[in-house]
Amino acid sequence: MEGLAFIGAGVYPSAKSVTPTQCATSKRLSQAKASKAKSALVMHDGPARPSKAAEWLVKDKAAMSDQVGVRQMMDMSGAIQRRKTRAVRVGDVYVGGGNPVVVQSMINEDTLDLDGCVKSIRALHEAGCEIVRLTVPSMAHAFAVGFIKQKLRESYKDVPLVADVHHNGMKIALEVAKHVDKVRINPGNYIFEKPDSNRTEYTKQEFEDAKNQLKEKLAPLILFLKEQNKALRIGVNHGSLSERMLFTFGDTPEGMVESALECIRVCKELDFHNIIISMKASKVPVMLAAYRLLALRLDAEGLDYPLHLGVTEAGDGEYGRIKSTLGIGTLLAEG
């Protein structure tokens, strides 16, 4: 990832176009120079600069040797200081670990439309999209992904694919994991928690029971991905937090982060670390707060998993592009 900087060059009027005002300004500048005033700033024909470099501006050049640098210098160097993460392999692409930022998108076709999916995946990949996501809502869709992968290999190339699994999806996830390079689960609906309209709170025991159920359903998928050296995206969505998270933490970025951390700790217990995490929300301020809090919590626990950035339900056209730019661009700039 490279930054593009525009350096403003001074533009001065030629001698033929000098105005009386400019002549007066030039005269005052000459008088100021001649006076040798002992001030912090000296007026001259260019932009004002400190007469002597302030000590807090002097930095070790080694810290500017690349775009990673030292995070504490972010506000002064102008370089993007990327958060240090491990590299996670997705097909032939590596996410995190100082690698270039990876572009991922998804197709709109029904996954049962094999030819339509292959065509769209190829078009996205040729346009520069490095990883493509498909929706897998049923076992039939999971089986279809295997044929899509085969068709891509035969007619184009082995594009890295991600299966998006929802709604009580352990069996679906285990089947589709055979055919893709990464599986995305949503902790909020990976297991079915029947809502109780009369509930006013979750007891500590109920909360622990639900957490253990999540671990029981998640472990088989984690162990399979670990065996196959494939990746898992823990994709939290603000609009689909589990009922116990809503009762315990509210409809908040904190609830989103705790939802992810539950899954991360299960992965850690099973010594599985091919993890990518996302904190998506349709409201950009919520999305920003969730990602920032997650990064702080991961750093505090010594976890170095890379993040997948996105704004969910951003919309189409200019509106969607603006929301995505505000959310993704802000976080990329923060590293």
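Definitions and limits used
Residues numbered from 1 in each chain as written. Predicted model: local features only at pLDDT ≥ 70, side-chain atom pairs only at ≥ 80, totals over all residues. Heavy atoms only, no water. Helix = DSSP H or I, 4+ residues; strand = E, 2+ residues; numbered from the N terminus. Buried < 20%, exposed > 50% of the residue type's maximum accessible area, 1.4 Å probe, protein only. Contact = heavy atoms within 4.5 Å. Areas by Shrake-Rupley, 256 points an atom, 1.4 Å probe, with all protein chains shown as cover. Axes fitted to C-alpha atoms, helices over the stretch in contact; angles between N-to-C directions. Parallel < 35°, antiparallel > 145°, perpendicular 65-115°, else oblique. Left-handed = near helix turned anticlockwise from the far one by under 90°. Expected span 1.5 Å × (residues − 1). Salt bridge = Lys/Arg side-chain N within 4 Å of Asp/Glu carboxyl O. pLDDT = per-residue confidence, 0-100. Core = buried A, V, L, I, M, F, W, Y, C linked by side-chain atoms within 4.5 Å. Pairing = 2+ DSSP bridges.

Regarding its fold elements, the chain presents 10 helices and eight strands. Across the 335 residues in the chain, those meeting the buried criterion constitute 39%. Restricting to contacts in the chain with at least 6 residues of sequence separation, those with at least 24 account for 65%. Accessible surface computed for the chain: about 19,200 Å², of which carbon and sulfur atoms make up 55%.

This part is about the packing of helix α6 (residues 204-228) against helix α8 (residues 253-269). Closest axis-to-axis distance for the α6/α8 pair is 10 Å, and the angle between their directions is 55°. Between α6 and α8, the angle falls in the class oblique. By crossing handedness, the relation of α6 to α8 is classed as right-handed. Residues Phe-207, Lys-211, Leu-214, Lys-215, Leu-218 and Ile-222 of α6 pack against Glu-262, Cys-263, Val-266, Cys-267 and Glu-269 of α8.

The next point concerns helix α10 (residues 317-333). Here α10 spans 23 Å end to end across 17 residues, near enough to the 24 Å set by a 1.5 Å rise per residue. When α10 is considered as a whole, its buried residues turn out to be Gly-320, Lys-323, Gly-327 and Leu-331. For α10, the secondary structure elements touched by its buried residues are α9 (284-300). A positive phi of about 95° marks Gly-335, the residue just after α10.

What follows deals with the pattern of salt bridges. Between side chains of opposite charge, a pair can form as their charged atoms come close. This model, assessed by the stated rule, comprises 18 salt bridges. Ionic pairing is found between Glu-126 and Arg-122, a salt bridge with its closest N-O pair at 2.9 Å. Note that Glu-126 and Arg-122 are positioned in helix α3 (residues 114-126) at a spacing of four residues, about one turn of the helix. Residue class for Arg-122 comes out partly exposed when judged on its relative accessible area of 34%. For the salt bridge of Arg-184 with Asp-164, the shortest nitrogen-to-oxygen distance reads 2.9 Å. One end of the pair, Arg-184, is in strand β6 (residues 182-185); the other, Asp-164, is in strand β5 (residues 161-165), and 20 residues separate them in sequence. No difference in accessibility class separates Arg-184 from Asp-164, as the two residues are buried. Via salt bridges that share partners, Lys-149, Arg-153, Asp-158 and Asp-181 belong to a single interconnected network.

The predicted model of the chain has a mean per-residue pLDDT of 81, with 76% of residues at 70 or higher. Confidence over residues 1-30 falls short of pLDDT 50; this stretch has 14 contacts with residues more than four positions distant or in other chains. Predicted confidence is poor over residues 32-73, with pLDDT under 50, and the contacts of this stretch with residues over four places away or in other chains come to 41 contacts.

What follows deals with the nonpolar core. Residues Val-183, Leu-221 and Met-279 are the most contacted members of the largest nonpolar core, which totals 62 residues. Excluding anything up to four places from it in sequence, Leu-221 contacts Ala-173, Leu-174, Ala-177, Val-183, Ile-185, Tyr-190 and Leu-232. Ranked by size, the runner-up nonpolar core spans eight residues in total, among them Val-88, Ile-131, Val-162 and Ala-231.

Quick look at the environment of Val-284 now. In this fold, Val-284 is placed in helix α9. Placed 42 residues apart in sequence, Val-284 and Leu-326 show a C-alpha to C-alpha distance of 7.2 Å.

Counted residue by residue, strand β8 (residues 275-280) has six buried out of six residues, so it is predominantly covered. Residues Ile-275, Ile-277 and Met-279 of β8 are buried on one face, and the alternating residues Ile-276, Ser-278 and Lys-280, pointing to the opposite face, are buried as well. Judged from the six bridges that link them, strand β7 (residues 231-237) and β8 form a sheet pairing that is parallel. Each bridged residue has a counterpart across the sheet, and for Leu-232 the counterpart in β8 is Ile-275.

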